[in-house]
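So you can see what is in the structure, the chains are spelled out below.
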Amino acid sequence: MSDVSRANFGSKIGAILAAAGSAVGLGNIWRFPYQTGNDGGAAFILIYIVCILCFGIPVMIAEFTIGRHSRSNTARAYQILAPGTQWKWVGRWGVLTGFLILSYYAVVAGWTLEYFLQAAGNTFIGKTPEEFAASFTSFTDNLWRPVFWLILFMFATHFIIVKGVQQGIERSAKILMPILFVLLIIMAICSILLPGSGPGLEFLLKPDFSKVNSGVLLSAMGQTFYSLSLGMGCLCTYASYFQSDTNLTKTALNVASIDSLVAILAGLIIFPAAFSVGIQPDAGPSLVFITLPNVLTQAFAGLPWLTYILSTAFYLLLALAALTSTISMHEVVTVYLHEEFKMSRRKAAWLVTSMCSIIGILCALSMGVGKEYTIFGMNLFDVFDFLTAKLMLPLGGFFISIFTGWYLDKKILHDELNSGGHLPLFVYKAIVFILRVVAPIGIGFVFINELEIL
Ligand code: PFF
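Residues numbered from 1 in each chain as written. Predicted model: local features only at pLDDT ≥ 70, side-chain atom pairs only at ≥ 80, totals over all residues. Heavy atoms only, no water.

Tell me what's going on with the overall build of the protein, and back it up with residues and numbers.
Each helix and strand counted, the protein has 18 helices and 0 strands in total. On C-alpha atoms alone, the protein measures out to a radius of gyration of 21 Å, which is about the 22 Å that the 2.2 N^0.38 rule sets for 454 residues. For the protein, the spread of C-alpha atoms along the principal axes amounts to about 65 × 50 × 45 Å. Per-residue burial over the protein gives 60% buried out of 454 residues. Here the contacts in the protein between residues at least 6 apart in sequence split such that 83% fall between residues at least 24 apart. Summed over all atoms, the accessible surface of the protein reaches about 17,400 Å², with 70% contributed by carbon and sulfur. Each charge sign in the protein was given a centre, from 26 positive and 24 negative side chains, and these centres are 11 Å apart. (Helix = DSSP H or I, 4+ residues; strand = E, 2+ residues; numbered from the N terminus. Rg over C-alpha atoms; globule rule 2.2 N^0.38 Å. Buried < 20%, exposed > 50% of the residue type's maximum accessible area, 1.4 Å probe, protein only. Contact = heavy atoms within 4.5 Å. Areas by Shrake-Rupley, 256 points an atom, 1.4 Å probe, with all protein chains shown as cover. Lys, Arg positive; Asp, Glu negative; His and termini not counted. Charge placed at Lys NZ, Arg CZ, Asp CG, Glu CD.)

Following this line, the structure appears as structure tokens:
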């Protein structure tokens, strides 16, 4: 099946870093801490880790298998592996999901640039908690600023995409991921060393299972798919660039470990610092944009230069983490248009950038000047978030595991999982069992839960 004229990641470490770059993003550093804060801390984290082991890693292996064996974009992959069937719609569904997520994800990614600029311009020092909240609202209510940053972010993504797989995606991931990691570790150490950080650490490390209910279980599962970039063929597309002897199981384990580690580091940055200045952990989505600058300012009140360095570095790395994720979503749609509609890569990328920017502008405005226009009580941004993260990704994941577990020729799965290293038979059997039974039932649970909310 392999198509030698197609690009490949130049090295195995490049492949791991590019996939980890897709997984690590706003989902880890922005969404994970506030979900943890809302859902009881350590108990949520433990359930999340179980979900990653039971559902996340097997579904990632399924996406890798489909992508590498077909050596194709996610839509064509199903046509190659299941010719003449309706499975092609799973791939097309993924492309649509990627396109929609990119449109609104880039809005929050744009906010990180605004906050990076504010931090670099030294505007945090001396602000009160109320002023931080007011400045966030006045920014999102502004007609131009969120739109400007969104477009700038889309152009940055576009620039890397047109540079191509090896030069653009792999090189940027190779440089960005290690920097991100080092910065997060430094910030986590600073946060833990703050006086009064103990209760924050306890909140993260000492599980209180009395707070666990089915909602917590389901939200941990939803976070798994979102954070690991599963369910929309994103990692399937990246796997189509893997070398033929890249070990898929090891790569999935590495990506999931890096992703979980970054999420836990984000928790270690935010909660010890928040507790040390008496800020509640369940502050919600504003945790990163309102609470964090407030925490950094208060926590290092006598050391303004440290606030300056840490806040500037934090928002820069958040922007970079978001960039490696927007690149992966953009790539899914660009390569689909490029390969299926015989467009040049550059033209396909332009089409994606401009369409996503237009939808993104509407999403950004829907949080400010267009607030009063709602659908089912939600603004456009929330509608996109709900539709994609809560409905489309779980549905995609559900069909990917059924396809790989039940439909795909087991010889293909076996050969793919054994290339680049021997996989013990019981591990192979466990993966097949999870893909056939455990994952579809688990994802079905998430999906039904979201429907009930509707
Ligand atoms: N995993 C990314 C994050 O945690 O920010 C978000 C994401 C990227 C979701 C790519 C889905 C996707 F296909």
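The discussion continues.
Tell me about the nonpolar core, residues and numbers included.
Counting 152 residues, the largest nonpolar core has Ile-29, Phe-64, Phe-289, Phe-314 and Tyr-315 as the members making the most contacts within it. In this view, Ile-29 contacts Leu-180, Leu-184, Val-262, Ala-266, Ile-270, Val-288, Phe-314, Leu-317, Leu-318 and Ala-321; residues no more than four positions away in its chain are not counted. (Core = buried A, V, L, I, M, F, W, Y, C linked by side-chain atoms within 4.5 Å.)

Tell me about helix 1 (residues 12–23), residues and numbers included.
For an α-helix, the turn length of 3.6 residues means that residues three or four places apart are oriented alike. An ideal rise of 1.5 Å per residue puts 16 Å on 12 residues; helix 1 measures up with 17 Å between its terminal C-alpha atoms. With respect to burial, helix 1 is a largely interior element, 10 of its 12 residues being buried. For helix 1, every residue scored as buried is listed here: Gly-14, Ala-15, Ile-16, Leu-17, Ala-18, Ala-19, Ala-20, Gly-21, Ser-22 and Ala-23. (Expected span 1.5 Å × (residues − 1).)

Before we move on, can you summarise the site of the ligand with the specific residues and values?
With respect to spatial proximity, 15 residues lie near the ligand, and among them Ala-23, Gly-27, Tyr-105, Tyr-226 and Met-232 are the closest. Within the contact set of the ligand, a nitrogen atom lies 3.4 Å away from a backbone nitrogen or oxygen of Ser-22. Between the ligand and Tyr-105, the relevant distance is 2.5 Å, taken from an oxygen atom to a side-chain nitrogen or oxygen of the residue. Coverage of the ligand by the protein amounts to 100% of the 340 Å² it exposes when considered alone. Here the residues of the shell around the ligand sort into 7 nonpolar, 8 polar and no charged. (Near = heavy atom within 4 Å. Polar contact = N/O pair within 3.5 Å; in protein donor to acceptor, adjacent residues only side chain to side chain. Nonpolar A, V, L, I, M, F, W, Y, C, P; charged D, E, K, R; others polar.)

Now, about a nonpolar patch on the surface: what can you tell me, with residues and values included?
On the surface, a cluster of nonpolar side chains totalling about 540 Å² of accessible area is made up of Trp-406, Phe-433, Val-437, Ile-441 and Phe-445. Ranked by residue count, the leading element in the nonpolar patch is helix 18 (residues 425–453), at 4 residues. Topologically, Phe-433 is positioned in helix 18. According to the relative accessible area criterion, Phe-433 is partly exposed, its value standing at 49%. (Patch = residues over 30% accessible without salt bridge, like charges linked within 9 Å, V, L, I, M, F, W, Y side chains within 5 Å. Salt bridge = Lys/Arg side-chain N within 4 Å of Asp/Glu carboxyl O.)

A description of the packing of helix 5 (residues 88–120) against helix 15 (residues 345–366) should follow, citing residues and the corresponding values.
Running from amino to carboxyl end, helix 5 crosses helix 15 at an angle of 55°, the nearest separation of the two axes being 8 Å. When the axes of helix 5 and helix 15 are compared, the pair comes out oblique. Crossing geometry of helix 5 relative to helix 15 is assigned as right-handed. The segment helix 5 lies against helix 15, with Phe-99, Leu-102, Ser-103, Tyr-104 and Val-107 engaging Val-352, Met-355, Cys-356, Ile-359, Gly-360, Cys-363 and Ala-364. Residue composition of the contact of helix 5 with helix 15, by class: 10 nonpolar, 2 polar and no charged. (Axes fitted to C-alpha atoms, helices over the stretch in contact; angles between N-to-C directions. Parallel < 35°, antiparallel > 145°, perpendicular 65-115°, else oblique. Left-handed = near helix turned anticlockwise from the far one by under 90°.)

Give a detailed account of the environment of Pro-129, specifying residues and quantitative values.
Within the element layout of this structure, Pro-129 appears in helix 6 (residues 129–141). Taking the C-alpha atoms as reference points, Pro-129 and Cys-363, 234 residues apart in sequence, are found 27 Å from one another. Apart from residues lying up to four places away in sequence, Pro-129 is in contact with Asn-294 and Gln-298.

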